[in-house]
Amino acid sequence: QVQLVESGGGLVQPGGSLRLSCVAFRSIFSFTVLGWYRQAPGRQRELVAKITRGGTTNYADSVKGRFTFSRDNAKNTWYLQMNNLTSEDMGVYFCNAIASGTGVNYWGQGTQVTVSS
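Quick caveat, the model's predicted, so the values are computed rather than measured.

Definitions and limits used
Residues numbered from 1 in each chain as written. Predicted model: local features only at pLDDT ≥ 70, side-chain atom pairs only at ≥ 80, totals over all residues. Heavy atoms only, no water. Salt bridge = Lys/Arg side-chain N within 4 Å of Asp/Glu carboxyl O. Helix = DSSP H or I, 4+ residues; strand = E, 2+ residues; numbered from the N terminus. Buried < 20%, exposed > 50% of the residue type's maximum accessible area, 1.4 Å probe, protein only. Phe/Tyr/Trp six-rings, centres within 6.5 Å; stacked < 30°, edge-to-face > 60°. Lys NZ or Arg CZ within 6 Å of the ring centre and 35° of its normal. Polar contact = N/O pair within 3.5 Å; in protein donor to acceptor, adjacent residues only side chain to side chain. Contact = heavy atoms within 4.5 Å. Pairing = 2+ DSSP bridges. Axes fitted to C-alpha atoms, helices over the stretch in contact; angles between N-to-C directions.

Novice: Hey, could you go over the pattern of salt bridges for me, with residue numbers and the actual values?
Specialist: As enumerated under the stated definition, the model contains four salt bridges in all. Residue Asp61 is joined to Lys64 by a salt bridge in which the shortest nitrogen-to-oxygen separation is 3.0 Å. Across the pair Arg66 and Asp89 runs a salt bridge whose closest N-O atoms are separated by 2.7 Å. You can see Arg66 sitting in the loop between β6 (57–59) and β7 (67–72) and its partner Asp89 sitting in the loop between β8 (77–82) and β9 (91–99), a full 23 residues away along the chain. For the pair shown, Arg66 and Asp89 are each scored as buried. Connected via shared salt-bridge partners are Arg38, Glu46, Arg66 and Asp89.

Novice: I'd like a description of the packing of aromatic side chains, backed by residues and values.
Specialist: Applying the stated criterion to the full structure yields three aromatic pairs. With a centroid separation of 5.0 Å and an interplanar angle of 65°, the aromatic rings of Tyr37 and Trp107 are classed as edge-to-face. Residue Tyr37 is found in strand β4 (residues 31–39), and its partner Trp107 is found in strand β10 (residues 105–107); the two are separated by 70 residues along the sequence. An aromatic cluster is defined as three or more aromatic residues linked by ring pairs; in this entry it consists of Tyr37, Phe94 and Trp107. In this structure, Arg45 is placed above the aromatic ring of Phe94, and the distance from its NZ or CZ to the ring centre is 3.7 Å. Above the ring of Trp107, the side-chain terminus of Arg45 is found at 4.6 Å from the ring centroid.

Novice: Could you give an account of the side chain of Arg38, naming the residues involved and the relevant values?
Specialist: Secondary-structure assignment places Arg38 in strand β4. Accessibility expressed as a relative area gives 5% for Arg38, which makes it buried. Within the structure, the side chain of Arg38 is placed 2.7 Å from the side chain of Glu46, a separation counted as a polar contact. Reaching out from Arg38, the side chain makes a polar contact with the side chain of Ser62 at a distance of 3.3 Å. Here Arg38 is in contact with Gln44, Arg45, Glu46, Val48, Ser62, Val63, Phe67, Glu88, Asp89, Val92 and Tyr93, once residues within four sequence places are set aside.

Novice: Provide a residue-level description of the environment of Val104, including the pertinent values.
Specialist: Topologically, Val104 is positioned in the loop between β9 and β10. Of the residues examined, Val104 reaches a relative accessible area of 35% and is grouped as partly exposed. Here the alpha-carbon distance between Val104 and Phe31, two residues 73 residues apart in the chain, equals 9.4 Å.

Novice: Lay out the sheet that holds β7 in plain terms, naming residues and giving numbers.
Specialist: Taken in spatial order, the four strands of this open sheet run β1-β3-β8-β7, and their pairing is antiparallel. Of all strands in the sheet, those with a lone pairing partner are β1 (4–7) and β7, marking the two edges. The mean angle between the axes of side-by-side strands here comes to 15°, regardless of whether they run parallel or antiparallel. Pairing geometry for β1 and strand β3 (residues 18–24), over four bridges, is antiparallel. Looking at β3, one finds that Ser7 is bridged to Ser21.

Taken by themselves, the reported measurements are silent on function.
Here you go:
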């Protein structure tokens, strides 16, 4: 069973920045897609950003220009750099990975992001 462990959430003021990390306990080359999702209270989980194994990155329109997805293959880790945060960005952020071959989705435990002055 794949384990994804996230870190980096917290409380930040509007306009501030946070970087989320997700570590996979197996090679990230075994996944076809790596992603970040978020879920605000009372709302459905939504895609924030994803990257394919080939390197194609997609962002939700609401975060384009502010969030950056990156990965460190050697560390089996991917990141979400979040800048210029607003209250609309608040929620629980989940990392996600889709396994090659099986297509099974794996999820991190979630990390809370709170934007407040």
